[in-house]
Amino acid sequence: MSPDQLLAPSASKLPTLRSAVTGLPAYVPGRRSLGADIAALASNESHYEPLPAATAAVTEAAGRMNRYPDMAAVELRERIARHLGVTAAEVAVGPGSVGVLQQIITGLCEAGDEVVFAWRSFEAYPILVELAGARPVRVPLDDAEGHDLDAMAAAVTDRTKVILLCTPNNPTGVPISNGRLEAFLQSVPSDVLVVIDEAYVEYADAGSGPDSLALYRRYPNVCVLRTFSKAYGLAGLRVGYAITTAAIAEGLRRTALPFAVSALAQKAAIASLDAGEEMEARVSAVKQERARMAAELDGQGWTLQPSQGNFLWIRADAQLLATLVDGFDAAGILVRAYQGDGVRITVADPDSNNRVLRLLAANAA
């Protein structure tokens, strides 16, 4: 055999992807804005520019971007710990809450283990579970578009390692009450990690959802998952965190991609926490717009569940969904359609929200 033949690639022996990867559904992000006249309401981003303190922190940190960030994110973890009344040892950070969730599933699940979650809920859940070689167990939402906790408890088996609870739920906006969640925790085996995913917790009205940190202190198998991407306006920097036992938090840090949370993201997150009052004022304005929109849509004849996120959810069959999506597209409004289920619309500035209301008024039954 000639040297050329030895170096020639064999078509029959090319690298192949794992079957778990080739079979994965693609995560579908919200569509991006293509112009100044487009209302980008598909991704639940904050419509506000970053908090000035966060922008200043990033600008100052940019001069050191030639250096690696602190892989342990010690300063950020300590600041989160002070903010929530826990210890830094109980905090794990990652590239967005979805990055931390990947660390959780990777750290706890063996091949064939089960992860239980409501459906429809956050689209990344089944993708992360299948990528880890675990089995996703989808439990349908109840008639009120919320988690059916009784059915979820019944779905737990001896292979269940993690339960994911999204509150307020994405995309329906329905929260889980504290009493219902505590009763659920009492029925779940103590060796199953219950992840309370609170990406939108800042937008929830007081008392509408669980006191997740109090539940964590009573139930060591609870993990609280949060993000800086939504209310804090740092979606482009990717930083989220989990509050969990020190032992599990240490394991999550071990499963993390090295240096995944940039120095700029860490500094911006700290500055954002320090600017909490300004963030809360922005959140209050979004909640007022959410209430205004919901009241007007109710008057138009639309049936909506009360949302506790920075978005509204309209249940729609295939025909109505197609009509709405076509109408939104023609009006230059980007929304998030879920085939077979409905449409999610981010609450933004009053002008954008008024465009949504006019479009829906024209399509009301």
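> Whenever I open this one, the overall build of the protein confuses me. Can you help?
Counting secondary structure elements, the protein contains 14 helices and twelve strands. Taking all 365 residues of the protein together, the buried fraction comes to 50%. Pairs at least 24 residues apart make up 74% of the contacts formed inside the protein by residues separated by at least 6 positions. A total of about 16800 Å² of accessible surface is found on the protein, and carbon and sulfur atoms cover 54% of it. Where the 32 positive side-chain charges of the protein centre and where its 41 negative ones centre are 5 Å apart.

> Looking at this structure, I do not really get the packing of aromatic side chains. What am I missing?
To describe a pair of aromatic rings, one takes the distance between the centres and the angle between the planes. Overall, the coordinates contain eight aromatic pairs when judged by the stated rule. Both rings, one in Tyr 68 and one in Phe 259, keep their centres 4.6 Å apart while their planes meet at 25 degrees; by these two values the pair is stacked. One end of the pair, Tyr 68, is in the loop between helix H3 (52-61) and helix H4 (74-84); the other, Phe 259, is in the loop between helix H10 (246-255) and helix H11 (263-274), with 191 residues separating them in the sequence. Exposure remark for Tyr 68: the relative accessible area of 68% places this residue in the exposed category. Ring geometry for Phe 122 against Tyr 125: centres 5.5 Å apart, planes inclined by 85 degrees, an arrangement best described as edge-to-face. As far as the burial class goes, Phe 122 and Tyr 125 line up, both buried. We note Arg 138 situated over the ring of Trp 119; from NZ or CZ to the ring centre the distance is 5.5 Å. The ring of Tyr 338 has Arg 336 sitting right over it, with the charged end atom 4.5 Å from the ring centre.

> What exactly am I supposed to notice about the side chain of Ser 272 here?
Tracing the backbone shows Ser 272 in helix H11. Its relative accessible area of 0% is what places Ser 272 among the buried residues. Contact partners of Ser 272, with chain neighbours within four places excluded, come to Leu 51, Ala 54, Tyr 232 and Leu 234.

> Any chance you could explain the sheet that holds strand E11 (residues 336-338) here in plain terms?
Pairing between the strands of a sheet is mediated by backbone hydrogen bonds and can be parallel or antiparallel. Judged by pairing direction, the sheet is antiparallel, and its three strands sit side by side in the order E9-E12-E11 without closing on themselves. Taken across any chain shown, the strands that pair with only one partner, and hence form the sheet edges, are strand E9 (311-315) and E11. The mean angle between the axes of side-by-side strands here comes to 20 degrees, regardless of whether they run parallel or antiparallel. Where E11 meets strand E12 (residues 342-346), three bridges bridge the pair, whose relative direction is antiparallel. Its bridge partner lying in E12, Ala 337 is registered against Val 343.

> For this particular structure, what's the right way to read the state of the cysteines?
Every disulfide links exactly two cysteines, by a covalent bond between their sulfur atoms. Under the definition given, this model contains zero disulfides. Looking at Cys 223, it has no disulfide partner, and the nearest cysteine sulfur is the one in Cys 109, 12 Å off.

> Help me understand the pattern of salt bridges, please; the structure alone is not making it clear to me.
As a working rule, side chains carrying opposite charge can pair if their charged atoms are close by. Tallying each qualifying case throughout the model produces 19 salt bridges. The salt bridge partner of Arg 79 is Asp 274, with a shortest N-O separation of 2.7 Å. Placement of the pair is Arg 79 in helix H4 and Asp 274 in helix H11, with a sequence separation of 195 residues. A relative accessible area of 14% places Arg 79 in the buried class.

> Explain the packing of helix H13 (residues 318-330) against helix H14 (residues 350-363) to me, please; I cannot follow it from the model alone.
Running from amino to carboxyl end, H13 crosses H14 at an angle of 140 degrees, the nearest separation of the two axes being 10 Å. With respect to each other, H13 and H14 are oriented oblique. Remark: the crossing between H13 and H14 carries right-handed chirality. The segment H13 lies against H14, with Thr 323, Leu 324, Gly 327 and Phe 328 engaging Val 356, Leu 359, Leu 360 and Asn 363. A per-class count over the contact of H13 with H14 returns five nonpolar, three polar and no charged.

> Which parts of the structure should I look at to understand the nonpolar core?
Within soluble globular proteins, side chains that are nonpolar tend to cluster in buried spots. Of all hydrophobic cores here, the largest spans 81 residues; its most connected members are Ile 80, Ile 163, Ile 243 and Leu 360. Once residues lying within four places of it in the same chain are set aside, the contact partners of Leu 360 are Leu 297, Gln 300, Trp 302, Ile 314, Leu 324, Phe 328 and Ile 345.

> What am I meant to see in the pairing of strand E4 (residues 135-140) here?
Strand residues, when the strand is regular, have side chains that alternate between the two faces of the sheet. Two strands pair when backbone bridges link them, and strand E3 (residues 114-119) and E4 are joined in this way by six bridges, in the parallel orientation. Within the sheet, the bridge partner assigned to Trp 119 lies in E4 and is Pro 140.

> What is the right way to look at the sheet that holds E4 in this model?
Taking strand neighbours across the sheet as the criterion, the seven strands line up as E2-E8-E7-E6-E5-E3-E4 in an open arrangement whose pairing is mixed. The open sheet has two free edges, formed respectively by strand E2 (91-94) and E4, since each of these has just one partner strand. Averaged over all neighbouring strand pairs, the angle between strand axes comes to 25 degrees, with direction disregarded. Across five bridges, the pairing between strand E5 (residues 160-166) and strand E6 (residues 193-197) is parallel. Bridging from a neighbouring strand, Cys 166 pairs with Asp 197 of E6.

> It is not clear to me how the environment of Leu 181 should be interpreted in this structure. Could you clarify?
Assignment of secondary structure puts Leu 181 in helix H8 (residues 178-187). Along the backbone, Leu 181 and Gly 209 are 28 residues apart, and their C-alpha atoms lie at a distance of 9.0 Å. Non-local contacts of Leu 181, meaning those with residues more than four positions away in its chain, are made with Leu 149, Leu 165, Ile 176, Ile 196, Pro 210 and Leu 215.

Rules used in this analysis
Residues numbered from 1 in each chain as written. Predicted model: local features only at pLDDT ≥ 70, side-chain atom pairs only at ≥ 80, totals over all residues. Heavy atoms only, no water. Helix = DSSP H or I, 4+ residues; strand = E, 2+ residues; numbered from the N terminus. Buried < 20%, exposed > 50% of the residue type's maximum accessible area, 1.4 Å probe, protein only. Contact = heavy atoms within 4.5 Å. Areas by Shrake-Rupley, 256 points an atom, 1.4 Å probe, with all protein chains shown as cover. Lys, Arg positive; Asp, Glu negative; His and termini not counted. Charge placed at Lys NZ, Arg CZ, Asp CG, Glu CD. Phe/Tyr/Trp six-rings, centres within 6.5 Å; stacked < 30°, edge-to-face > 60°. Lys NZ or Arg CZ within 6 Å of the ring centre and 35° of its normal. Pairing = 2+ DSSP bridges. Axes fitted to C-alpha atoms, helices over the stretch in contact; angles between N-to-C directions. Disulfide = S-S within 2.5 Å. Salt bridge = Lys/Arg side-chain N within 4 Å of Asp/Glu carboxyl O. Parallel < 35°, antiparallel > 145°, perpendicular 65-115°, else oblique. Left-handed = near helix turned anticlockwise from the far one by under 90°. Nonpolar A, V, L, I, M, F, W, Y, C, P; charged D, E, K, R; others polar. Core = buried A, V, L, I, M, F, W, Y, C linked by side-chain atoms within 4.5 Å.

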